[in-house]
Amino acid sequence: SARHVLSPSAYLRAVALGWGLDPTQVSVLPNPAPELPALPSRDELRTELQLDGQVLAFAGRLGPQKALGIALEAVAAVPGVTLVVAGDGPDRAALERQVRERGLETRVRFLGSVSREQVLRLFRAADASVLSSAWENFPHTVVEALAVGCPVIAPAVGGVPEVIREGENGLLVPANDVPALAAAIRRFFDDEELRQRLAAAAPESVAGYTEEAMFTRIEDELARAAGR
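As a starting point, this report considers the structure included with it. Not measured: the values here are computed from a predicted model.

**Details of the overall build of the chain**
Then comes step 1: For the chain, the count of helices and strands is ten helices and eight strands.
Then comes step 2: Of all 228 residues assigned to the chain, the portion counted as buried reaches 43%.
Then comes step 3: A fraction of 68% describes how many contacts in the chain between residues 6 or more apart in sequence connect residues 24 or more apart.
Then comes step 4: In the structure as shown, the chain presents an accessible area of about 11000 Å², 52% of it carried by carbon and sulfur atoms.

Dropping the structure here:
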């Protein structure tokens, strides 16, 4: 019997087709985003988290794939911007050393491992989420940031451009490019109209990633694969 493969991103689907899979048997079905808990207002959360001014947030494992050093260098190039990092991993000590060497101790804060709800609270409080990964498939943290109204500044790698649309719900930059990321951060904070527009569009841009929507699509794909 024919088998149908579901890929979480068009990027990974293209990889699978490169392995020789039949295009008619490989569909894209993003992983569903869990329901959001009730969250306080942005102002309340900024007070709770002691955030002030221009704030970027990152959440994820501090490992080589995330290339967070790129984001640190970009933040260093844009005075007045702070970065709050949620997560832990093998690169944390090196990243903290980079922060000290660049004199960023007052502008970069490491929270360590926190709960999913605390990550959502951070995203809601921040002005934008930043990503500097060398590679991504279907980044859940991007969807969750957008869902709570936090635009995303990220490299156009892997499945990221399938979620982030340039100038609509975030800004896209080339990978491993500190000047380009710094320029995008500067552009974001210099343009209040842009910030407001991206933040307003963010939640609706990921409305189709609910569990209910994804399960409906799974049912449709199964029915199609069965020839019904």
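**Here's the deal with the nonpolar core**
Most often, soluble globular proteins keep nonpolar side chains buried together rather than apart.
Then comes step 1: Grouped together as the largest cluster of nonpolar side chains are 63 residues, with contacts concentrated most on Leu 56, Leu 83, Ile 153, Leu 181 and Ile 185.
Then comes step 2: The residues touching Ile 185, leaving out its near neighbours within four places in the chain, are Leu 56, Ala 74, Val 75, Val 78, Val 81 and Ile 153.

**Description of helix H6 (residues 140–147)**
Then comes step 1: Taken as a whole, H6 has its buried residues at Val 142, Val 143, Glu 144, Ala 145 and Leu 146.
Then comes step 2: Positioned one or two residues after H6, Gly 149 has a phi angle of 85°, which is positive.

**Quick notes on the packing of aromatic side chains**
Then comes step 1: Overall, the coordinates contain one aromatic pair when judged by the stated rule.
Then comes step 2: With a centroid separation of 5.1 Å and an interplanar angle of 85°, the aromatic rings of Phe 188 and Phe 189 are classed as edge-to-face.
Then comes step 3: Phe 188 sits in the buried class, given a relative accessible area of 1%.
Then comes step 4: Residue Phe 189 is classed as buried on the basis of its relative accessible area of 8%.

**Observations regarding helix H9 (residues 192–205)**
Then comes step 1: Compared with an ideal rise of 1.5 Å per residue, which puts 14 residues at 20 Å, H9 spans 20 Å between its outermost C-alpha atoms and is within 8% of the ideal.
Then comes step 2: Considered for burial, the residues of H9 that qualify are Leu 194, Leu 198, Ala 202 and Ser 205. For H9, the angular spread of the buried residues around the axis is 80°, confining them to a single face. Along H9, the residues that are exposed and aim more than 90 degrees away from the buried face are Gln 196, Ala 200 and Glu 204.
Then comes step 3: Next to the buried residues of H9 lie H6, strand S8 (170–173) and helix H8 (178–190).
Then comes step 4: You can read the cap of H9 off the contacts: a side-chain oxygen lies 3.2 Å from the backbone nitrogen of Glu 193, and it is on Asp 191.

Parameters at a glance
Residues numbered from 1 in each chain as written. Predicted model: local features only at pLDDT ≥ 70, side-chain atom pairs only at ≥ 80, totals over all residues. Heavy atoms only, no water. Helix = DSSP H or I, 4+ residues; strand = E, 2+ residues; numbered from the N terminus. Buried < 20%, exposed > 50% of the residue type's maximum accessible area, 1.4 Å probe, protein only. Contact = heavy atoms within 4.5 Å. Areas by Shrake-Rupley, 256 points an atom, 1.4 Å probe, with all protein chains shown as cover. Core = buried A, V, L, I, M, F, W, Y, C linked by side-chain atoms within 4.5 Å. Phe/Tyr/Trp six-rings, centres within 6.5 Å; stacked < 30°, edge-to-face > 60°. Expected span 1.5 Å × (residues − 1). Arc of directions from axis to C-beta. Polar contact = N/O pair within 3.5 Å; in protein donor to acceptor, adjacent residues only side chain to side chain.

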